[in-house]
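Chain residues, written in single-letter form:
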Amino acid sequence: MRRIALFGASGSIGRQTLDVVRRLKYDLVAVSVHNNTEALASIYAEFRPKYVVITGNAAPPAGVKPLYGREGLVEVAESEDVDTVVVATNGIIGVFPTLAALKRGKRVALANKETLVAFGPFVREVADLGELVPIDSEHSSAFQLLNGVKREEVKKLILTASGGPFRTWPKERIAKARPEDALRHPTWRMGAKITVDSATLMNKGLEVIEAHFLFDLSADEIDVRIHPQSAIHAILLLKDNSLKMHVSRPDMRIPIQYALTYPGREEIPIPPYLPPDEEVVLTLEMPDTERFPALALAYRALRLGGTYPAVLNAANEVAVFAFLEGRIGFYDITAIVERVMEENPFAHERTFEGFLKAHEWAARRAKELVSSKS
Ligand code: NDP
Ligand code: MG
């Protein structure tokens, strides 16, 4: 019986986690939301969690005394009442409960990729004190594929990407894409920020960095292939040139459930990717970094190391929300990220505080660049 704290309970991953928790009858001890008062009220009415954390402006349910902000998340992550922390918030606030829970030897089921991208070295430092189990589908697959494989037997990890809604669009058309075009993801239903990241391929770039920190693989050992069916989530190329793949329907409840039941498995009401009456065609294409420069930027950030991934992530987050608000164009997102990376004055910072400063600077600088464009 797991005692779960779910941060970001009102989001896309949050709601799917509630679905798993409801079905497996796990104990939901704590939830957090940011601004969504209605979602909090209905989650509270159903699950009656002992702790409610509000990180933004949401109003608490009647009669509930909530905890607030980053301190609230950390207090819950450290609480004796919790053994598993699901981090499904947006942004970098997730790093604080992640570090706190791992230091206390708990399981962190991590969806929030920004945490690992921006603060990878610090998460890695404490990862083995607890259990870090990825929820991001490609990393959940890689985590499962690597089980029982020796590090020296792995030549490459290949992450797949759907290619997003602009996979077949020419560059001139992509340049004029509007937020509603970018939000039309072909295979996955996700929050708005990550959906835009899938359209730019920045999502895959962030995932390459995430994989580096999770599995201790270098940039040269991580590849990307475009796989429009979103059935294969990750592939291992092994020493004997055989490939090991992990295949499932594109439904996040599968990796969410695994992160909770690991090392065991439970039934799930989702059919296998093996329809009895239709042909299964799975294709793999090379990504086009000319039309999708974000992927190359992310590799550059990973190779530069230090605070560069944090700077890439912060600038991207600001630029994506500005694009969603209609303030900048689609290719302005990557132009802003590139410019902010080039200017990074915190290249030699090595401390956690230094990384936080780099994150804050990059967000500020990206906002200035957005203002100058809009
Ligand atoms: P959503 O936007 O759907 O949900 C985000 C959740 O976090 C909501 O509960 C929201 O609360 C809360 N939140 C928003 N901003 C903040 C903030 N500044 N501080 C604390 N909490 C905040 O996002 P997703 O569920 O799609 O994604 C969540 C994380 O999981 C992201 O890091 C994403 O990259 C990652 N992820 C998501 C996948 C998916 O399929 N959706 C797949 C793989 C990874 P409120 O509703 O109250 O605003
Ligand atoms: Mg993913």
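Residues numbered from 1 in each chain as written. Chains lettered and ligands numbered in written order. Predicted model: local features only at pLDDT ≥ 70, side-chain atom pairs only at ≥ 80, totals over all residues. Heavy atoms only, no water.

A. Structural context of the pattern of salt bridges. A complete count under the given rule lists 33 salt bridges for this structure. Arg 167 is paired through a salt bridge with Glu 285; the nearest N and O atoms lie 3.0 Å apart. Remark: Glu 285 occurs in the loop between helix 11 (253-261) and helix 12 (294-304) and Arg 167 occurs in the loop between strand 8 (154-161) and helix 7 (171-175); sequence separation between them is 118 residues. The class for Arg 167 is partly exposed, based on a relative accessible area of 27%. (Salt bridge = Lys/Arg side-chain N within 4 Å of Asp/Glu carboxyl O. Helix = DSSP H or I, 4+ residues; strand = E, 2+ residues; numbered from the N terminus. Buried < 20%, exposed > 50% of the residue type's maximum accessible area, 1.4 Å probe, protein only.)

B. Quick look at the layout of surface pockets. Considered as a void within the structure, the largest pocket measures approximately 990 Å³ in volume. As for the largest pocket, its lining consists of 49 residues, and the residues nearest its centre are Ala 88, Thr 89, Asn 90, Gly 191 and Ile 194. Residue assignment for the lining of the largest pocket shows that the elements contributing at least two residues are helix 1 (12-24), strand 2 (27-33), helix 5 (113-127), helix 6 (137-146), strand 8, helix 9 (192-200), helix 10 (202-215) and strand 10 (232-238). Top element by residues in the lining of the largest pocket is helix 9. It accounts for five residues. Partitioning the lining of the largest pocket into residue classes produces 15 nonpolar, 25 polar and nine charged. Two domains each provide a minimum of three residues to the lining of the largest pocket, namely domain 1 (3-111) and domain 2 (150-247 + 287-373). For the second largest pocket, the calculated volume is near 390 Å³. Along the walls of the second largest pocket sit 21 residues, with Asp 128, Leu 132, Phe 143, Leu 214 and Phe 215 positioned nearest its centre. (1 Å grid on protein atoms, 1.4 Å probe; cavity = no way out; pocket = protein on both sides within 12 Å on 5 of 7 lines; lining within 4 Å. Points joined across faces, edges and corners; volume = space filled by probe spheres on them. Nonpolar A, V, L, I, M, F, W, Y, C, P; charged D, E, K, R; others polar. Domains from an automatic or database assignment.)

C. A look at the site of ligand 1. In the neighbourhood of ligand 1, 24 residues make up the surrounding shell, with Ser 10, His 34, Asn 35, Asn 36 and Glu 114 lying closest. Between an oxygen atom of ligand 1 and a main-chain N or O atom of His 34, the distance comes to 2.8 Å. If ligand 1 stood free it would expose 900 Å²; the protein chains cover 86% of that surface. Looking at which domains feed residues into the shell around ligand 1, each of domain 1 (3-111) and domain 2 (150-247 + 287-373) supplies at least three. (Near = heavy atom within 4 Å. Polar contact = N/O pair within 3.5 Å; in protein donor to acceptor, adjacent residues only side chain to side chain. Areas by Shrake-Rupley, 256 points an atom, 1.4 Å probe, with all protein chains shown as cover.)

D. View of empty space enclosed by the protein. Taken as a whole and judged by the stated rule, the model has one cavity of 30 Å³ or more. Size it by volume and the largest cavity reaches roughly 50 Å³. Looking at the lining of the largest cavity, the elements with two or more residues in it are helix 6 and helix 11. Broken down by element, the lining of the largest cavity gets its largest block of residues, four residues, from helix 6. Split by residue class, the lining of the largest cavity holds three nonpolar, seven polar and two charged.

E. Main features of the side chain of Asp 197. Mapped onto the elements, Asp 197 comes out in helix 9. One polar contact links Asp 197 to Lys 193, side chain to side chain, over a distance of 2.7 Å. The residues touching Asp 197, leaving out its near neighbours within four places in the chain, are Met 202, Asn 203, Leu 206, Asn 316 and Val 320. (Contact = heavy atoms within 4.5 Å.)

F. Just the coordination of the magnesium ion (ligand 2), in detail. Taken together, the protein ligands of the magnesium ion (ligand 2) are Asp 136 (OD), Glu 138 (OE) and Glu 207 (OE), with distances of 2.1 Å. In primary sequence terms, the donor set of the magnesium ion (ligand 2) follows D-x1-E-x68-E. Taken as a pair, Asp 136 in the loop between strand 7 (131-134) and helix 6 and Glu 207 in helix 10 lie far apart in primary sequence, 71 residues in all. According to the relative accessible area criterion, Asp 136 is buried, its value standing at 7%. Its relative accessible area of 1% is what places Glu 207 among the buried residues. (Donors = N, O, S within 2.8 Å, 3.2 Å for Na, K, Ca; no water.)

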